[in-house]
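Residue strings, one per chain:
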Amino acid sequence: MNNNLTILAKRLRKSSTDAERCLWKYVKNKKLSGLKFRRQAPIGKYIVDFVCFEKKIIIEIDGGQHGEDAAMINDKNRTKWLDGQGFKVLRFWNNDVLKNMAGIWEEIVRHC
């Protein structure tokens, strides 16, 4: 594993967004059907927001910058690569996590 990615992942865990902290409360400590989620985990050349390796589910929480053209292309390529590794990528907007956690939770449970 790339040591630089590991260092960056540790920094990202320490500077989580409000939406990431909100979701983490729901999935940490195996709260979802006993499934273990990790946050800011390196996979290949990427760092994903949340991952359950057992179910091969990745949850990405996106801020407004992900609506820009370059970011959308990068996200599409990233998702395609992760799909190719056998992962299912779920993407949610920060705002949705903060305002509709019940709906987000239902969607995550459905995929797990």
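Computed from a predicted model, the values in this text were never measured in an experiment. (Residues numbered from 1 in each chain as written. Predicted model: local features only at pLDDT ≥ 70, side-chain atom pairs only at ≥ 80, totals over all residues. Heavy atoms only, no water.)

Draft legend 1. Summary view of the side chain of Thr79. The topology assignment puts Thr79 in helix α3 (residues 69-84). Those residues in contact with Thr79 that sit more than four places away from it in its chain are Val89 and Arg91. (Helix = DSSP H or I, 4+ residues; strand = E, 2+ residues; numbered from the N terminus. Contact = heavy atoms within 4.5 Å.)

Draft legend 2. Geometry of helix α5 (residues 101-111). Looking only at α5, the buried set comprises Met101, Ile104 and Ile108. All buried residues of α5 lie within an arc of 65 degrees about the axis, which places them on one face of the element. Structural note: α5 exposes Ala102, Glu106 and Arg110 on the side pointing more than 90 degrees away from its buried face. For α5, the secondary structure elements touched by its buried residues are α2 (18-27), β3 (57-62), β4 (88-93) and α4 (94-99). (Buried < 20%, exposed > 50% of the residue type's maximum accessible area, 1.4 Å probe, protein only. Arc of directions from axis to C-beta.)

Draft legend 3. A look at the sheet that holds strand β2 (residues 46-52). The four strands are arranged β1-β2-β3-β4 in an open sheet whose pairing can be described as mixed. The open sheet has two edge strands, β1 (38-43) and β4, and neither has a second partner. Put simply, the sheet's adjacent strands are angled 45 degrees from each other on average, direction ignored. Direction of pairing for β1 relative to β2: antiparallel, over a ladder of five bridges. Counterpart to Pro42 in the pairing with β2 is Ile47. (Pairing = 2+ DSSP bridges. Axes fitted to C-alpha atoms, helices over the stretch in contact; angles between N-to-C directions.)

Draft legend 4. The packing of α2 against α5, seen in detail. Put simply, α2 and α5 touch, their axes get as near as 12 Å, and they point 50 degrees apart. The orientation of α2 relative to α5 falls into the category oblique. Considering how the two elements wind past one another, α2 and α5 form a crossing that is right-handed. For the pair α2 and α5, contact is made by Cys22, Leu23, Tyr26 and Val27 and by Met101, Trp105 and Ile108, respectively. Here the contact of α2 with α5 is built from residues that sort into seven nonpolar, no polar and no charged. (Parallel < 35°, antiparallel > 145°, perpendicular 65-115°, else oblique. Left-handed = near helix turned anticlockwise from the far one by under 90°. Nonpolar A, V, L, I, M, F, W, Y, C, P; charged D, E, K, R; others polar.)

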